[in-house]
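# Chains, contacts and geometry: an overview
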Amino acid sequence: MVSTTFLLECLLRAGMREVVAVEPAAGGLAALAGIATRRGAPPVFVKAFDDPPADDVFAAEAEGLAALRELGGAATPEVILADRELLVLSMLRPRPSSETFWEQFAHALARLHMSTTHPRFGWHRDNWLGRRRQINTWGDDGFAFFAQHRLLRWLGEPRVEAALDAADRAALERLCHRLPDLLPDRPACLTHGDLWAQNVMATPDGRPALIDPAVSYTWAEVDLAHVWSTSPPPEAQRFFAVYAELTALDGDWQARMPIVQLRQHLAVLAQFDDDWGAGDQIRATLAPFRTRT
């Protein structure tokens, strides 16, 4: 009740006087979310922070949605309003439980990645991964960019400092030094950046649609690893087969997923008391790098 009252107050302050009620919406972890009923207009999705981490959080998210749609051809919700405390979007549908849907998503994600290759890694501004800033300073070397801005960047976070011991941190630094031996040299492309399964929804006519991006130009496997590692439903197995075929992935791609997904596990560990096993996953991936061989 408190969260929906707060959302309603935010909407009214933003001038959306046609809103008559807000019901809670499930799924979000960092922000408050709801569905707003409007007088004489379709309902809309709304989210807000009771204590925004910065003034540009929702502006950056709105820009990311536009980039995915305009540069990569992905379906995204319409941005109705984005200001310091509030983001209002057109409504999407829950994704259907079908292999056909996930096959369509494989085509959409492959198109996004293959049509947006870029000579550099980064983005023209920093944006946000949950309540933490995602550093997007431009770089020419994908390995250095991923090491500095996607892995080592999290070591200063208090929750990460508390969860990982000195040997773990040294192992992460060792892994970063060896990234050119562990991962293939790939070009940068536009990535969603926070592509866990809950951020894949459907348009009103049933096409795959994306929400909650943290975009940047980086390796396509950042998105692939996130889908792979966040308990996708059984029908999603068709997605991986089709995406691999469309993008000519080599046969070793699955073995790389834990290393690429370290970035997201570290982000989760940095932000949430319940890390849903992220700390254990990090330590398991770092185990081979804990001592020099």
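Below is a summary of the structure that appears in this document. (Residues numbered from 1 in each chain as written. Predicted model: local features only at pLDDT ≥ 70, side-chain atom pairs only at ≥ 80, totals over all residues. Heavy atoms only, no water.)

## Focus on the overall build of the protein
For the protein, the helix and strand inventory stands at 11 helices and 11 strands. For 293 residues, the compact-globule estimate of 2.2 N^0.38 gives 19 Å, and the protein sits close to it at 19 Å. Here the C-alpha coordinates of the protein stretch approximately 65 × 40 × 35 Å along the principal axes. Scored against the burial criterion, the 293 residues of the protein give a buried share of 51%. Residue pairs at least 24 apart in sequence account for 66% of intrachain contacts in the protein once pairs closer than 6 positions are excluded. (Helix = DSSP H or I, 4+ residues; strand = E, 2+ residues; numbered from the N terminus. Rg over C-alpha atoms; globule rule 2.2 N^0.38 Å. Buried < 20%, exposed > 50% of the residue type's maximum accessible area, 1.4 Å probe, protein only. Contact = heavy atoms within 4.5 Å.)

## Comments concerning the packing of aromatic side chains
In this structure the tally under the stated criterion is 17 aromatic pairs. Relative to F239, the ring of F105 lies with its centre 5.1 Å away and its plane at 15°, an arrangement referred to as stacked. Taken as a pair, F105 in helix α3 (residues 99-114) and F239 in helix α9 (residues 237-247) lie far apart in primary sequence, 134 residues in all. Taken as a pair, F105 and F239 share a single burial class, namely buried. Measuring from centroid to centroid gives 5.3 Å for F272 and W276, while their planes differ by 65°, and the two rings are edge-to-face. On the basis of relative accessible area, W276 is assigned to the exposed category, the value being 51%. Grouped by ring-pair contacts, the aromatic residues F101, W102, F105, W228, F239, F240, Y243 and W253 constitute a single cluster. Sitting over the face of the ring of W154, R153 holds its NZ or CZ atom 3.9 Å from the ring centroid. (Phe/Tyr/Trp six-rings, centres within 6.5 Å; stacked < 30°, edge-to-face > 60°. Lys NZ or Arg CZ within 6 Å of the ring centre and 35° of its normal.)

## Some remarks on the pairing of strand β4 (residues 79-82)
Relative to strand β5 (residues 86-90), β4 is paired through 3 bridges, and the arrangement is antiparallel. Counted as the bridge partner of A82 is L87 from β5. A loop of 3 residues connects β4 with β5, the two strands running antiparallel in sequence. (Pairing = 2+ DSSP bridges.)

## Considering the pairing of β5
Counted residue by residue, β5 has 4 buried out of 5 residues, so it is predominantly covered. Across 5 bridges, strand β3 (residues 41-48) lies against β5 in antiparallel orientation. Opposite V44, over in β5, you have S90 as the bridge partner.

## A word on the pattern of salt bridges
For the structure on display, the rule yields 22 salt bridges. Here E103 ties to R238 by a salt bridge, and the two come within 3.3 Å at their closest N and O atoms. Pair noted here: E103 is in helix α3 and R238 is in helix α9, with a separation of 135 residues, a long-range link. Taking the relative accessible area as the measure of exposure, R238 reaches 35% and is therefore partly exposed. The partner of R283 in a salt bridge is D280, with the nearest N and O atoms 3.3 Å apart. Here D280 and R283 lie together in helix α11 (residues 278-286), a separation of 3 residues that amounts to about one turn. Here the residues in one salt-bridge network are D56, E63, R125 and R133, joined through shared partners. (Salt bridge = Lys/Arg side-chain N within 4 Å of Asp/Glu carboxyl O.)

## Considering the packing of helix α8 (residues 221-229) against α9
Viewed as axis vectors pointing N to C, α8 and α9 meet at an angle of 160°, and their least axial separation amounts to 11 Å. Regarding the angle of α8 to α9, the classification is roughly antiparallel. In this structure, the crossing between α8 and α9 has a hand that is left-handed. Along the contact surface, α8 presents L224, V227 and W228, while α9 presents F239, F240 and Y243. For the contact of α8 with α9, the residue count by class is 6 nonpolar, no polar and no charged. (Axes fitted to C-alpha atoms, helices over the stretch in contact; angles between N-to-C directions. Parallel < 35°, antiparallel > 145°, perpendicular 65-115°, else oblique. Left-handed = near helix turned anticlockwise from the far one by under 90°. Nonpolar A, V, L, I, M, F, W, Y, C, P; charged D, E, K, R; others polar.)

## Examining helix α10 (residues 253-271)
Here α10 contains 19 residues, and its C-alpha end-to-end distance of 28 Å stays within 8% of the 27 Å for a straight helix at 1.5 Å per residue. Along α10, the largest kink reaches about 40° and is centred on L262. Counted residue by residue, α10 has 16 buried out of 19 residues, so it is predominantly covered. (Expected span 1.5 Å × (residues − 1). Bend = angle between axes of the 7 residues up to and from the residue.)

## Quick look at the sheet that holds β4
Overall, antiparallel pairing links the 5 strands, which are arranged β1-β2-β3-β5-β4 in an open sheet. The sheet is open, and its two edges are formed by β1 (19-24) and β4, each paired on a single side. Averaged over all pairs of adjacent strands, the angle between their axes in this sheet comes to 25°, without regard to strand direction.

## Comments concerning the environment of A144
The residue A144 is located in helix α4 (residues 142-151) in this model. Overall, A144 belongs to the partly exposed group, its relative accessible area being 39%. Considering only alpha carbons, one finds A144 and H177, 33 residues apart in sequence, at a separation of 8.8 Å.

## Some thoughts on the side chain of T4
Structurally, T4 can be placed in helix α1 (residues 2-13). Given the relative accessible area of 9%, T4 is considered buried. Those residues in contact with T4, other than ones at most four positions away along the chain, are V22, E23 and P24.

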